[in-house]
Amino acid sequence: MTDENKIVIRDLNLWYGDKRALIDNNMDIRENKVTAIIGPSGCGKSTFIRCLNRMNDPVEGVRVTGEVRIDSKNIYDKDVDVVALRKKVGMLFQKPNPFPMSIYDNVAYGPRIHCTRDKKKLREIVEESLRNATLWEEVSDRLDKSALDLSGGQQQRLCIARTLAVKPEIILFDEPCSALDPISTGKIEDLIHELKREYTIVIVTHNMQQAARVSDYTAYFLLGKMIEFGKTKELFENPKEKETEDYITGRFG
C-alpha cells in the first residue's frame, strides 16, 4: 500500500463534435485506493472514466485535450500503445458482458493473447483469477460450461476475473452493480474492498450509499465539471460546495 498518486489528471476536456462534455477537470487518484465518481445522470461520469483508458477514442467526433498521466506518462501522447494501456487499465461495465464461450475460456482469453498459451500456466491463471474474484468455489466443477448460464452476479464476477487475468494495475468500474440484486451487489462491494490491496480502483456509481460504503475518495460531477473532490467521509458529512450539499441531501439530482 502506498499513498502516492497513480493517476494525475490536468485540464481534461472532451468534446463530442461541438458539444463539450468535460470541462477543465483536475484530479489526483491515489494508488491502492477506491475513488468514487458520483453525480446526476448525464453529468459526464462515464465519459470521464472512459478517458482513463481511452475508451472514448473510437467514438466519432470525439476530441480530448489536457493530460491523463499514469505513472507519470501522459496516456494521450502519440507514442502510447492503446492495447497495452487497456491491459494496464481494465474496465468493468454496467451490464455483465461475458463472451459466448466457456467459463474457462472467458478467463483464459486475455492471457492467451497477451502472454502465454501454455496449458498448465493458463490453468493456474484461470484458477487464481477466479479465486481472486471470489467465484472459484461456485464454478470450479463446471469450467467447461457456458458463461452465459451463470447468474447476473456471477457473470459480473466472471468479468472481474477476466480483467484480473491480464494483471492490470488499475480497474475502472462503470456502475457495476446497477443491474444486480442486493446480495450480488454486496458480494461485488466486498470484492472491491479486497481488490484495492493490489489495484487502484475508480468506480462510477449512481448510488451514494454505495460510494460511501466502498470508496476512500469521492468526486462530485455536475454538467461535465468536477465540483468537489475529497475524502469520502468528509465530502458526505461536510461538503464544501453548495452544489455538492444539494445533491447529497436530495435537493437536486
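Quick note: structure is the one above.
Keep in mind the model is a prediction, meaning the values are calculated, not measured.

1. Side note on the overall build of the protein chain
Okay, step 1: Of regular secondary structure, the protein chain possesses 10 helices and 10 strands.
Okay, step 2: Radius of gyration (C-alpha) of the protein chain: 18 Å, near the 18 Å computed for a compact globule of 253 residues.
Okay, step 3: Taking the principal axes of its C-alpha atoms as reference, the protein chain extends roughly 55 × 45 × 35 Å.
Okay, step 4: Counting every position in the protein chain, which comprises 253 residues, the buried fraction comes to 51%.
Okay, step 5: Contacts in the protein chain between residues far apart in sequence, at least 24 positions, make up 66% of those at least 6 positions apart.
Okay, step 6: Total accessible area computed for the protein chain in this model is approximately 12400 Å², and 47% of it derives from carbon and sulfur atoms.
Okay, step 7: Where the 39 positive side-chain charges of the protein chain centre and where its 40 negative ones centre are 3 Å apart.

2. Topic: the packing of aromatic side chains
Okay, step 1: Scanning the entire structure with this criterion turns up 4 aromatic pairs.
Okay, step 2: With a centroid separation of 5.0 Å and 25 degrees between ring planes, the pair formed by Tyr220 and Tyr247 is classed as stacked. On the criterion of sequence distance, the pair formed by Tyr220 in strand E9 (residues 217–222) and Tyr247 in helix H10 (residues 242–248) is long-range, its members being 27 residues apart. Of the two residues, Tyr220 and Tyr247, both sit in the buried class.
Okay, step 3: Its guanidinium or amino end placed over the ring of Trp15, Arg63 lies 4.1 Å from that ring's centre, counting from NZ or CZ.
Okay, step 4: One residue, Arg162, lies across the ring of Phe99, its end atom 4.0 Å from the ring centre.

3. A short note on unusual backbone geometry
Okay, step 1: Unlike most non-glycine residues, Asp24 shows phi in positive territory, near 50 degrees.
Okay, step 2: Along the polypeptide, Asp24 turns up in strand E2 (residues 19–30).

4. A word on the sheet that holds strand E6 (residues 89–92)
Okay, step 1: On the basis of which strands lie adjacent, the open sheet formed by 6 strands has the order E6-E7-E8-E3-E9-E10 and mixed pairing. Strand pairing shows two members of the sheet lacking a second neighbour, E6 and strand E10 (225–231), which therefore form its edges. Across the sheet, the mean angle separating the axes of adjacent strands is 15 degrees when strand polarity is ignored.
Okay, step 2: As paired elements, strand E3 (residues 34–38) and E9 share 4 bridges and run parallel to each other. The partner of Ala36 across the bridge, within E9, is Thr218.

5. Quick look at the nonpolar core
Okay, step 1: Counting 45 residues, the largest nonpolar core has Leu130, Leu158, Ile160, Phe173, Ile192 and Leu195 as the members making the most contacts within it.
Okay, step 2: Formed by 29 residues, the second largest nonpolar core is a distinct cluster that contains Ile9, Leu52, Val80 and Val89.

6. Overview of the sheet that holds strand E4 (residues 62–70)
Okay, step 1: Spatial ordering of the open sheet is given by E2-E1-E4-E5, a layout of 4 strands whose pairing is antiparallel. Each edge of the sheet is formed by a strand with only one pairing partner; in this case those strands are E2 and strand E5 (73–74).
Okay, step 2: Both E4 and E5 contribute to a ladder of 2 bridges, which runs antiparallel. Across the sheet, residue Ile70 finds its bridge partner in E5, namely Lys73.

7. Some remarks on the environment of Ile70
Okay, step 1: Here Ile70 shows up in strand E4.
Okay, step 2: Distance in space between the C-alpha atoms of Ile70 and Gly42 is 26 Å, their sequence separation being 28 residues.
Okay, step 3: Apart from residues no more than four positions distant in its own chain, Ile70 is found in contact with Lys6, Ile7, Leu52, Ile75, Leu85, Lys88, Val89 and Ile170.

8. What to know about helix H7 (residues 182–195)
Okay, step 1: When the terminal C-alpha atoms of H7 are compared, their 20 Å separation across 14 residues agrees well with the 20 Å that a helix rising 1.5 Å per residue should span.
Okay, step 2: For H7, the full list of buried residues reads Ser184, Thr185, Ile188, Glu189, Leu191, Ile192 and Leu195. Along the axis of H7, the buried residues cluster in a sector spanning 160 degrees; they form a single face. Turned more than 90 degrees away from the buried face of H7 sit Pro182, Ile183 and Asp190, all of them exposed.
Okay, step 3: Its buried side turned inward, H7 meets E3, helix H4 (119–132), helix H6 (152–164), strand E7 (170–174), strand E8 (200–204) and helix H8 (208–214).
Okay, step 4: Between a side-chain oxygen at the N-terminus of H7 and the backbone nitrogen of Ile183 the separation is 3.0 Å; the capping residue is Asp181.

Here is what the cut-offs are and how they apply
- Residues numbered from 1 in each chain as written.
- Predicted model: local features only at pLDDT ≥ 70, side-chain atom pairs only at ≥ 80, totals over all residues.
- Heavy atoms only, no water.
- Helix = DSSP H or I, 4+ residues; strand = E, 2+ residues; numbered from the N terminus.
- Rg over C-alpha atoms; globule rule 2.2 N^0.38 Å.
- Buried < 20%, exposed > 50% of the residue type's maximum accessible area, 1.4 Å probe, protein only.
- Contact = heavy atoms within 4.5 Å.
- Areas by Shrake-Rupley, 256 points an atom, 1.4 Å probe, with all protein chains shown as cover.
- Lys, Arg positive; Asp, Glu negative; His and termini not counted.
- Charge placed at Lys NZ, Arg CZ, Asp CG, Glu CD.
- Phe/Tyr/Trp six-rings, centres within 6.5 Å; stacked < 30°, edge-to-face > 60°.
- Lys NZ or Arg CZ within 6 Å of the ring centre and 35° of its normal.
- Pairing = 2+ DSSP bridges.
- Axes fitted to C-alpha atoms, helices over the stretch in contact; angles between N-to-C directions.
- Core = buried A, V, L, I, M, F, W, Y, C linked by side-chain atoms within 4.5 Å.
- Expected span 1.5 Å × (residues − 1).
- Arc of directions from axis to C-beta.
- Polar contact = N/O pair within 3.5 Å; in protein donor to acceptor, adjacent residues only side chain to side chain.

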